[in-house]
Each structure stands twice: as C-alpha cells, then as structure tokens.
Amino acid sequence: QKEVEQNSGPLSVPEGAIASLNCTYSDRVSQSFFWYRQYSGKSPELIMSIYSNGDKEDGRFTAQLNKASQYVSLLIRDSQPSDSATYLCAVKLVRRTYKYIFGTGTRLKVLA
Amino acid sequence: DAMVIQNPRYQVTQFGKPVTLSCSQTLNHNVMYWYQQKSSQAPKLLFHYYDKDFNNEADTPDNFQSRRPNTSFCFLDIRSPGLGDAAMYLCATSRVLGQGAWGEKLFFGSGTQLSVL
C-alpha cells in the first residue's frame, strides 16, 4: 500500500462547477496534511493545509479531514480554467524525521 | 523577499558526466530537502538535512549525494548520471519550531529540470 494515494485522473469539470479531489494515507498517526497545486513544468505551490478533523475554508477552496478514515479532500468551488493543474496531496509524517510524503497527484481539467 | 533559489533552471549533462545542482535559501530554515519528480509521478524524497544531520532515504541510489556546507546552501551531486535520472529536481525547506512541533509547510524552489544525453 502506498503511503499517500490519489486518483491520477484526469478529472474534468465544467467551468463554474465544484471539483472534488480525494486523498487517502496509510500512516494513522500523521498529523499534518497539505494540498499543493502544480502547473506543468513548475514547482508545487501550497493551496491549503489542515491539521484537525473537519472542514477548513479559504476562498474558493475547502479542505476536509477525517482522521478516523485516513482521508483528506479538497473542494474547489466555482472552478475556473486557471485551476487546471495537478493537485498533490502531501502528508507530514510524525517522528523526528520531518518527512513530507506526496501522492502522485490528480490532474484537473476545467472546461471553459 | 525571502525565498528558495535553485540554479540552474535547466541543466543538460552527458551520460556518466558528474553534475551538481544547487539550492540556496534566505528563510533561515533548519530543514532542507531534495525531491526528484519524473513526469506524471509524485515528488520522491531523496534525502533531507535537519541542521547538519543528514537523512538518506533507503531507496535513494548511491549515485546521489548531497552536501550542506552551511544553513543557506545545499547541493545535490549526481556522480554518474544515467538516462533514468532525467527529471525535475526540487529543493524545499521547512522550519521546525521545536521538538514535537508540526504543521510547518514546505517552501519550494523553482526546480531544476535535468536532461541526460
């Protein structure tokens, strides 16, 4: 089992719709979760971070965390063509190693 | 602005010819990371430094080495690049607030795209 798993997509949504991206992780004691957006040929940029169960909203983005199910998701409301990118889920492992493990990413296409 | 800088943005090397990628940071972060990312794949952690303590991933090939001469700089050395080493190499930093503290995000550089001919 991979440490962080995502559906590779592509996920296609029409402009203005809600895009829902999902991620599962295997390390039950993980505490910190991040969503990064990556455009082709560019480095990842942070969209959201979440540490507690429940929802966290920032503008058009909402991150959801369920530690019991080891599941984290990202919702993008009012999707725009500029949101078309690969979305990477990252989990920070606890312990002294301070490691961040990434999923393979979900490619999102927002259709104008 | 404080940031993470990687040079060069694009690097072309020959099969078997040693190459060094560089990373510098003005954030004064104590942890620096090197990730390898191939097309359509997840960034793969190669190693990281917590201050001067080097942490190598078990599956990082011996062909990859790293140096961190001071807080600001970190280098990735590929001793004998193969065709399979062509990838984007990402340097990142994070700040550790204290033992047991967590939650700090990764700050990425712009990456170095390595081609091996």
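Heads up: these notes are all about the structure in this document.

The rules we used
- Residues numbered from 1 in each chain as written.
- Chains lettered and ligands numbered in written order.
- Predicted model: local features only at pLDDT ≥ 70, side-chain atom pairs only at ≥ 80, totals over all residues.
- Heavy atoms only, no water.
- Pairing = 2+ DSSP bridges.
- Helix = DSSP H or I, 4+ residues; strand = E, 2+ residues; numbered from the N terminus.
- Axes fitted to C-alpha atoms, helices over the stretch in contact; angles between N-to-C directions.
- Disulfide = S-S within 2.5 Å.
- Buried < 20%, exposed > 50% of the residue type's maximum accessible area, 1.4 Å probe, protein only.
- Phe/Tyr/Trp six-rings, centres within 6.5 Å; stacked < 30°, edge-to-face > 60°.
- Lys NZ or Arg CZ within 6 Å of the ring centre and 35° of its normal.
- Core = buried A, V, L, I, M, F, W, Y, C linked by side-chain atoms within 4.5 Å.

Residues and elements named next belong to chain B. Sheet architecture is open: 4 strands sit in the order β1-β3-β8-β7, paired in antiparallel fashion. Of all strands in the sheet, those with a lone pairing partner are β1 (4-7) and β7 (64-67), marking the two edges. Sheet twist, expressed as the average angle between the axes of neighbouring strands with direction ignored, equals 20 degrees. Inspection of the sheet shows β7 paired to strand β8 (residues 73-78) by 4 bridges, in the antiparallel sense. Bridge assignment links Phe 64 to a residue of β8, and that residue is Ile 78.

So, about the state of the cysteines. Residues and elements named next belong to chain B. Taken as a whole, this structure holds 2 disulfides over all chains when the rule is applied. With its sulfur 2.0 Å from that of its partner, Cys 23 forms a disulfide with Cys 91. Since a negative S-S torsion denotes a left-handed disulfide, the Cys 23-Cys 91 link at about -70 degrees is left-handed. Of this pair, Cys 23 sits in strand β3 (residues 19-25) while Cys 91 sits in strand β9 (residues 87-94), and the two are 68 residues apart along the sequence. Here Cys 74 is not cross-linked by a disulfide; its sulfur's nearest cysteine counterpart is in Cys 91, at 6.0 Å. With a relative accessible area of 0%, Cys 74 lands in the buried category.

Think of a pair of aromatic rings as described by two things: how far the centres are apart, and how the planes are tilted against each other in angle. Here the structure, examined in full by the defined rule, presents 15 aromatic pairs over all chains. Residues Tyr25(A) and Phe33(A) carry aromatic rings whose centres are separated by 4.7 Å and whose planes lie at 45 degrees to one another, so their mutual orientation is tilted. In this structure, Tyr25(A) and Phe33(A) share a single accessibility class: buried. With a centroid separation of 5.1 Å and 55 degrees between ring planes, the pair formed by Tyr49(B) and Phe54(B) is classed as tilted. Taking the relative accessible area as the measure of exposure, Tyr49(B) reaches 8% and is therefore buried. An aromatic cluster of three or more residues is present, and its members are Phe34(A), Tyr36(A), Tyr51(A), Tyr100(A), Phe102(A), Tyr33(B), Tyr35(B) and Phe108(B). Lying over the aromatic face of Tyr10(B), Arg9(B) brings its terminal NZ or CZ to 5.0 Å of the ring centre.

To continue, consider the nonpolar core. Membership of the largest hydrophobic core comes to 25 residues, with the highest contact counts inside it found for Trp35(A), Val72(A), Leu74(A), Ile76(A) and Tyr87(A). Looking at this core, the elements that each hand over two or more residues are β3 (19-25), β4 (32-38), β5 (45-50), β7 (61-66), β8 (71-76), β9 (85-92) and β11 (106-111) of chain A. Membership of the second largest hydrophobic core comes to 19 residues, among which are Tyr36(A), Tyr35(B), Ala42(B) and Ala92(B).

Below, the discussion takes up the pairing of β9(A). Residue and element names in this part refer to chain A. Counted residue by residue, β9 has 7 buried out of 8 residues, so it is predominantly covered. As defined by bridge partners, β4 adjoins β9 across 7 bridges and the pair is classed as antiparallel. Of the residues in β9, the one forming a bridge with Trp 35 is Cys 89. Pairing geometry for β9 and β11, over 3 bridges, is antiparallel. Bridging from a neighbouring strand, Tyr 87 pairs with Thr 106 of β11. In this sheet, strand β10 (residues 100-102) lies alongside β9 in antiparallel orientation, the contact comprising 3 bridges. What sits directly across from Ala 90, in β10, is Phe 102.

Glancing now at the sheet that holds β8(A). Residues and elements named next belong to chain A. Strand order in the open sheet formed by 5 strands is β1-β3-β8-β7-β6, and the pairing between neighbours is antiparallel. Edge positions in the sheet fall to β1 (4-5) and β6 (54-58), since each has one partner strand and no second. Pairing geometry for β7 and β8, over 6 bridges, is antiparallel. The residue of β8 that forms the bridge with Ala 63 is Leu 74.

The next subject is unusual backbone geometry. Following Gly9(A), the chain continues into Pro10(A) via a peptide bond in cis, with omega recorded as 10 degrees. Positionally, Pro10(A) belongs in the loop between β1 and β2 (11-14). Following Asn7(B), the chain continues into Pro8(B) via a peptide bond in cis, with omega recorded as -10 degrees. Within the secondary structure, Pro8(B) is located in the loop between β1 and β2 (10-13).

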